[in-house]
Amino acid sequence: EPEVTQTPSHQVTQMGQEVILRCVPISNHLYFYWYRQILGQKVEFLVSFYNNEISEKSEIFDDQFSVERPDGSNFTLKIRSTKLEDSAMYFCASEPGQGYNEQFFGPGTRLTVL
Amino acid sequence: AQSVTQPDIHITVSEGASLELRCNYSYGATPYLFWYVQSPGQGLQLLLKYFSGDTLVQGIKGFEAEFKRSQSSFNLRKPSVHWSDAAEYFCAVRHYNTDKLIFGTGTRLQVFP
């Protein structure tokens, strides 16, 4: 069964460094998402992406964040200058198309900022 | 503001016992409603969803949920819990004209033999 994959499973970085989290959505899906979950808190929406542009973003998704679908298969989340409070589990999700209404989630990348 | 409340942070049940996990939402209109499960080291897996129609929906792994508009609730149930059901359960809502899922804080289910 097709699934969303994410790499790496765990990333440790120093404060101020740039990180790129990678996701491979399910083939033929058209909508892509990033969510994050800070330890002990709820899963929060960051951004959605469709047709090579951001469709919706939350107030968390500021100028430090960017997303890209560089090659038609990968979907990346870049954090330009990491802060301690960016430490969280980051989930990628994909969805087949409008109206389908089921987001398929990857296993997550745990980001630790020291 | 839209919100989802899962009042139970942690629930412990014996294997074979029945289960009900509570979820209440605050929304301007009836949203789309979802239950996800997260096992350790795994992503979020959809158990079931409600859009409209029959208020009792069946999902995978023997779970069901009932939508009650008057109570703004969407509680998850299972008649007989198995040890493999131990996991974290998340209720989520989505409005028809937005992309994002809004999640509750989750309920951690522990199952004793």
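Anyway, here's the lowdown on the structure attached to this text. What you see is a predicted model, and the numbers here were worked out from it, not measured in a lab.

Before going further, it helps to spend a moment on the sheet that holds strand 1 (residues 5–7) of chain A. Residues and elements named next belong to chain A. Ordered by their spatial adjacency, 4 strands build an open sheet running 1-3-8-7, and the pairing between neighbours is antiparallel. Two strands lie at the open edges of the sheet, namely strand 1 and strand 7 (65–68), each paired on one side alone. Across the sheet, the mean angle separating the axes of adjacent strands is 20° when strand polarity is ignored. By the bridge criterion, 5 bridges tie strand 3 (residues 19–24) to strand 8 (residues 75–79) in an arrangement that is antiparallel. Residue Leu21 lies in a different strand from strand 8, and its bridge partner there is Leu77.

Following the criterion strictly, the structure yields 20 aromatic pairs over all chains and no others. Residues Tyr35 of chain A and Phe45 of chain A carry aromatic rings whose centres are separated by 5.6 Å and whose planes lie at 70° to one another, so their mutual orientation is edge-to-face. You can see Tyr35 of chain A sitting in strand 4 (residues 31–37) and its partner Phe45 of chain A sitting in strand 5 (residues 43–50), a full 10 residues away along the chain. On the basis of an interplanar angle of 90° and a centroid distance of 6.2 Å, the ring pair of Phe90 of chain B and Phe103 of chain B is categorised as edge-to-face.

This brings us to the state of the cysteines. Tallied over the entire structure, the rule returns 2 disulfides over all chains. There is a disulfide in this structure between Cys23 of chain A and Cys92 of chain A, and the S-S distance comes to 1.9 Å. Across the disulfide from Cys23 of chain A to Cys92 of chain A, rotation about the S-S bond amounts to roughly -65°, and the bridge is consequently left-handed. Remark: Cys92 of chain A occurs in strand 9 (residues 88–95) and Cys23 of chain A occurs in strand 3; sequence separation between them is 69 residues. Here Cys23 of chain A falls in the buried class, since its relative accessible area comes to 1%. The disulfide partner of Cys23 of chain B is Cys91 of chain B, and the S-S distance across this bridge is 1.9 Å.

Rules used in this analysis
Residues numbered from 1 in each chain as written. Chains lettered and ligands numbered in written order. Predicted model: local features only at pLDDT ≥ 70, side-chain atom pairs only at ≥ 80, totals over all residues. Heavy atoms only, no water. Pairing = 2+ DSSP bridges. Helix = DSSP H or I, 4+ residues; strand = E, 2+ residues; numbered from the N terminus. Axes fitted to C-alpha atoms, helices over the stretch in contact; angles between N-to-C directions. Phe/Tyr/Trp six-rings, centres within 6.5 Å; stacked < 30°, edge-to-face > 60°. Disulfide = S-S within 2.5 Å. Buried < 20%, exposed > 50% of the residue type's maximum accessible area, 1.4 Å probe, protein only.

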